[in-house]
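# Descriptive analysis of the structure
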Amino acid sequence: MTGATGAIQAAALADPETFARGDACRVFRHLRTQEPVAWTPEPDGPGFWSVTRYAEGACVLKDASTFSSVEGTTLEGNRWQDDPAAGRMLPLMAAPAHTALRRILMPHVSGPRVDALRHDTAGFLAHVLEECTERGRFEVGDGLATRVAMHVAFRLLGLPPEDEAGLLPVVRDTLSCNESRRHLADAELLIYVSEAVEVRRRHPADDAISAIMGAEIDGRPLDDETVLLTVLNVMSAGLTTTRLAITGAIHALMHHPDQWRWLQRRPDMPGTAVEEVLRWTSPAAAVVRTAHADTVLAGRRIRRGQRVAVWIPSLNADEAVFADPDRLRLDRAPNRHLGFGTGMHACLGMMLARLELRLLMSEIRRAWAGIEPDGPAERLTSLVLQGIDRLPVRVGPS
Ligand code: HEM
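Residues numbered from 1 in each chain as written. Predicted model: local features only at pLDDT ≥ 70, side-chain atom pairs only at ≥ 80, totals over all residues. Heavy atoms only, no water.

## As for the overall build of the protein
- Within the protein, the secondary structure is distributed over 16 helices and 14 strands.
- For 398 residues, the compact-globule estimate of 2.2 N^0.38 gives 21 Å, and the protein sits close to it at 21 Å.
- Taking the principal axes of its C-alpha atoms as reference, the protein extends roughly 55 × 55 × 40 Å.
- Per-residue burial for the protein yields a buried fraction of 52% across its 398 residues.
- Approximately 17300 Å² of the protein is accessible, and the part contributed by carbon and sulfur atoms is 54%. (Helix = DSSP H or I, 4+ residues; strand = E, 2+ residues; numbered from the N terminus. Rg over C-alpha atoms; globule rule 2.2 N^0.38 Å. Buried < 20%, exposed > 50% of the residue type's maximum accessible area, 1.4 Å probe, protein only. Areas by Shrake-Rupley, 256 points an atom, 1.4 Å probe, with all protein chains shown as cover.)

## Focus: the nonpolar core
- L144, M235, I250, W368 and I371 are the most contacted members of the largest nonpolar core, which totals 80 residues.
- Counting residues per element, this core draws most heavily on helix α7 (residues 140-157), at 11 residues.
- If sequence neighbours within four positions are ignored, I371 has contacts with I250, L253, M254, W260, V393, R394 and V395. (Core = buried A, V, L, I, M, F, W, Y, C linked by side-chain atoms within 4.5 Å. Contact = heavy atoms within 4.5 Å.)

## A look at α7
- Taking 1.5 Å of rise per residue, the 18 residues of α7 would be expected to cover 26 Å, and the 24 Å separating its terminal C-alpha atoms lies within 8% of that figure.
- T146 marks where α7 bends most, by close to 35°.
- Judged by how many residues are buried, α7 sits mostly within the fold: 16 of 18 residues are covered.
- By the N-cap criterion, in which a side-chain oxygen at the helix start approaches the backbone nitrogen of a residue two or three places on, α7 is capped by E139, the distance to G141 being 2.7 Å. (Expected span 1.5 Å × (residues − 1). Bend = angle between axes of the 7 residues up to and from the residue. Polar contact = N/O pair within 3.5 Å; in protein donor to acceptor, adjacent residues only side chain to side chain.)

## Here's the deal with the site of the ligand
- In the vicinity of the ligand, 28 residues are found, and the nearest of them are H98, R102, R289, H345 and C347.
- Measuring from an oxygen atom of the ligand, one finds a backbone N or O atom of P91 at 3.4 Å.
- Broken down by secondary-structure element, the contributors of at least two residues to the shell around the ligand are α5 (97-105), α11 (224-237), α12 (239-255) and β7 (286-291).
- A breakdown of the residues in the shell around the ligand according to their chemical character gives 16 nonpolar, 10 polar and 2 charged. (Near = heavy atom within 4 Å. Nonpolar A, V, L, I, M, F, W, Y, C, P; charged D, E, K, R; others polar.)

## Some words on the pairing of strand β10 (residues 307-311)
- For β10, the tally of buried residues reaches 5 of 5 residues, placing the bulk of the element in the interior.
- Where burial is concerned, the two faces of β10 agree: the one with R307, A309 and W311 and the one with V308 and V310 are both buried.
- Here 5 bridges tie β7 to β10, and the two strands are oriented antiparallel to one another. Paired with V288 across the two strands is A309, which belongs to β10. (Pairing = 2+ DSSP bridges.)

## Observations regarding the side chain of S314
- Structurally, S314 can be placed in helix α15 (residues 312-315).
- We classify S314 as buried; its relative accessible area is 0%.
- Once residues within four sequence positions are removed from consideration, S314 is found in contact with F28, R32 and T52.

## Focus on helix α9 (residues 179-202)
- Taking 1.5 Å per residue as the helical rise, α9 with its 24 residues ought to reach 34 Å, and the 35 Å between its terminal C-alpha atoms agrees with that figure.
- For α9, the full list of buried residues reads R182, A185, L189, Y192, V193, A196, V197 and R200.
- On its buried face, α9 is in contact with α7, α8 (164-173), α10 (208-214) and α11.

## Some words on the packing of helix α6 (residues 111-135) against α7
- Here α6 crosses α7 at 155°, and the two axes come no closer than 10 Å. One way to sum up the angle between α6 and α7 is to call them roughly antiparallel. In this structure, the crossing between α6 and α7 has a hand that is right-handed. Every residue of α7 that contacts α6 at L117, D120, T121, F124, L125, H127, V128, L129, E131 and C132 is listed here: G143, L144, R147, V148, H151, V152 and R155.
- Split by residue class, the contact of α6 with α7 holds 9 nonpolar, 4 polar and 4 charged. (Axes fitted to C-alpha atoms, helices over the stretch in contact; angles between N-to-C directions. Parallel < 35°, antiparallel > 145°, perpendicular 65-115°, else oblique. Left-handed = near helix turned anticlockwise from the far one by under 90°.)

## Points about the sheet that holds β10
- Read across the sheet, 5 strands follow the order β1-β2-β10-β7-β3 without closing on themselves; strand pairing throughout is mixed. Each having just a single partner strand, β1 (37-40) and β3 (67-68) make up the two edges of the open sheet.
- Strand direction decides the pairing type here: strand β2 (residues 48-51) and β10, joined by 3 bridges, are parallel. Within β10, the position partnered with W49 by the bridge is V308.

## A short note on the packing of α7 against α12
- Two numbers describe how α7 lies on α12: the axes approach to 9 Å, and their chain directions differ by 135°. Between α7 and α12, the angle is such that the two are oblique. For the pair α7 and α12, the crossing hand works out as right-handed. Across from V140, G141, D142, L144, A145, T146, V148, A149, M150 and A153 in α7, the residues of α12 making contact are L239, T242, R243, I246, T247 and I250.

## Considering the coordination of the iron atom of the ligand
- Exactly one donor from the protein chain reaches the iron atom of the ligand: C347 (SG), at 2.3 Å.
- Its place among the elements puts C347 in the loop between α15 and α16 (350-367). (Donors = N, O, S within 2.8 Å, 3.2 Å for Na, K, Ca; no water.)

Written as structure tokens, this is what we have:
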């Protein structure tokens, strides 16, 4: 059955409250079976296509010439116009500039650098967990998750560790539902990053900021605005996503005692557990593209210029790909989740994110005997990212 019911369900995907209420799973399940590519009208925009099935979603993300990311990749801002940062940061760049910049950044988020970060991150995590365990009750999002995510982002970019604590409330406000508060926080973060870029200009170092500043595309250096936006993007792309993955991981373990016990009993830290948490939490919500040609997807005609939103949490719950998708199974294998997207724009920081989750899960299963709720969990109100934003818990030492 398509048509009226599908249209009503799809319209719910234009409303961030659907995610705040935790209703999105139900909407996705309906659309996957009834209308996997559905037109989604917007009260204050031109509308967009919603892709909810794995097969079509992967197709869109892998075909960057038909489905371009240059005009914008989120359901935020004014969809009548292109993103003002179009072409000026990695997610909004097309080949060959994208390929060149990604190649310059890749060594900073893979191989020996990630190995070097492992030791430092493990130490920081142990310190934060000790503090949290001593307190016994805390809010996971601010008290643990963002602190860890910020620590890693600061190391990657070579920013001074002493600035981390001061910037925490600003990063927190970039998630605020209050628009003016959010804009203020975005502006503060931009000022912070532009000052850091100025410092690096005078004192180059072996870090990602210096790599971005020294990048040349077609023999020409990046202009100042592109440098600034790229640094800001590399910094912020990993903050809220990782926060939501960590908060969601702890929420999932708390509500699945059999899986928590399974994890605690294992002598090693199974990689399958990290992948299942990434599938289960799916922090990226809508990943948006713009059609650069008329095309057909699951029988629907998509016109050139129309926006297409690929709903990652729905792809990761597709029953055609994942057996029993609504069950958390930390030993799930294979697990071809698309939590990091796919194609040329697949997450640049996936190795860092995996490292953080692996260390976290490995440490908490040793440090905590149990995890209990200490108040209601709150979901994020957004169409860009989704999941448990605030999670008050009580923990007991093991
Ligand atoms: C659990 C944590 C994370 C999740 C779920 C996640 C998810 C994603 C997804 C779905 C995309 C693809 C977006 C698209 O196709 O338009 C992406 C891209 C990206 N991510 Fe992540 N991310 C995470 C952590 C990080 C971290 C730690 C960094 C830090 C370097 C990072 C940096 C980026 C960048 C720079 C891109 C753009 C890549 C490109 O366009 O080539 N992410 N991420």
